[in-house]
Amino acid sequence: MPPNLTGYYRFVSQENMDNYLRALDINVVLRKLVCLLKPDKEILHTGDHMVIRTITSLRDYVMDFDLGVQFEEDLGPVDGRKCQTTVFWEGDQLVCEQLGEKRNRGWRHWMEGDQLHLRMTAEDEVCVQVFQKVK
């Protein structure tokens, strides 16, 4: 049975964000700004429904979805694109596939103890973020 990820998580660290954003064609000024942000995550997980809020001082991003059901995701606030997104469990990892203009785009969330890990991919770039569960 997959874990319930409900909780609030504070940013701990990230690796390779600039190259990941470059793979998404984000301009240099916005890349530098995003690399300075320390986002928090709030996850509400009820059965097959999830809401994931990424909270920053610049802008919040909300994903509201049903597991295993493809939906059109508007990534306008991120990179101006739309994609067909499906989120599902693969073992203990929550996997997101984002089909669109960019090859190999998506992410994975998983827990290690009380830390939430996030691995984001686009093209050949990988960015990893770590968050500490606080409640």
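Residues numbered from 1 in each chain as written. Predicted model: local features only at pLDDT ≥ 70, side-chain atom pairs only at ≥ 80, totals over all residues. Heavy atoms only, no water.

### Points about the pairing of strand S1 (residues 7-15)
Right, so step 1: Bridge analysis of S1 against strand S2 (residues 40-46) gives 3 bridges, and the strand direction is antiparallel. Bridge assignment links Tyr9 to a residue of S2, and that residue is Lys41.
Right, so step 2: Across 6 bridges, the pairing between S1 and strand S10 (residues 125-133) is antiparallel. When the bridges of S10 are listed, Gln14 appears paired with Gln129. (Pairing = 2+ DSSP bridges. Helix = DSSP H or I, 4+ residues; strand = E, 2+ residues; numbered from the N terminus.)

### Some points on the pairing of strand S7 (residues 93-99)
Within a regular strand, side chains alternate between the sheet's two faces.
Right, so step 1: In this structure, strand S6 (residues 81-90) lies alongside S7, joined through 7 bridges in antiparallel fashion. Each residue of the ladder has a partner; that of Thr86, found in S7, is Glu97.
Right, so step 2: As consecutive antiparallel partners, S6 and S7 are separated by 2 residues, and within that stretch Gly91 has a phi angle of approximately 65 degrees, a positive value.

### Thoughts on the layout of surface pockets
Right, so step 1: Looking at the largest pocket, its volume works out to about 730 Å³.
Right, so step 2: Every residue lining the largest pocket is counted, 32 residues in all, and those nearest its centre are Val34, Thr54, Tyr61, Val78 and Met120.
Right, so step 3: For the lining of the largest pocket, the elements supplying multiple residues, two or more each, are helix H1 (17-23), helix H2 (28-36), strand S3 (49-55), strand S4 (61-66), strand S5 (71-75), strand S8 (106-112), strand S9 (115-122) and S10.
Right, so step 4: Each residue belonging to the lining of the largest pocket can be placed in one class, and the counts come to 20 nonpolar, 7 polar and 5 charged.
Right, so step 5: Looking at the second largest pocket, its volume works out to about 170 Å³.
Right, so step 6: Counting only elements with at least two residues in the lining of the second largest pocket, the list comes to S6, S7, S8 and S9.
Right, so step 7: The element that contributes the greatest number of residues to the lining of the second largest pocket is S7, accounting for 4 residues.
Right, so step 8: Class assignment of the residues belonging to the lining of the second largest pocket gives a composition of 5 nonpolar, 3 polar and 5 charged. (1 Å grid on protein atoms, 1.4 Å probe; cavity = no way out; pocket = protein on both sides within 12 Å on 5 of 7 lines; lining within 4 Å. Points joined across faces, edges and corners; volume = space filled by probe spheres on them. Nonpolar A, V, L, I, M, F, W, Y, C, P; charged D, E, K, R; others polar.)

### Focus on the environment of Asn4
Right, so step 1: Mapped onto the elements of the fold, Asn4 is located in the segment before S1.
Right, so step 2: Sequence-wise, Asn4 and Val62 are 58 residues apart; in three dimensions their C-alpha atoms are separated by 18 Å.
Right, so step 3: Looking at Asn4, its side chain comes within polar contact range of the side chain of Thr6, at 2.7 Å.
Right, so step 4: Of the polar contacts made by the side chain of Asn4, one reaches the backbone oxygen of His45; its length is 3.2 Å. (Polar contact = N/O pair within 3.5 Å; in protein donor to acceptor, adjacent residues only side chain to side chain.)

### Some points on the environment of Ser13
Right, so step 1: Here Ser13 lies in strand S1.
Right, so step 2: The exposure class of Ser13 is partly exposed, given its relative accessible area of 31%.
Right, so step 3: Spatially, the C-alpha atom of Ser13 lies 7.2 Å from that of Phe131, the residues being 118 residues apart in sequence.
Right, so step 4: For Ser13, the residues in contact, after removing those within four places along its chain, are Val128, Gln129 and Val130. (Buried < 20%, exposed > 50% of the residue type's maximum accessible area, 1.4 Å probe, protein only. Contact = heavy atoms within 4.5 Å.)

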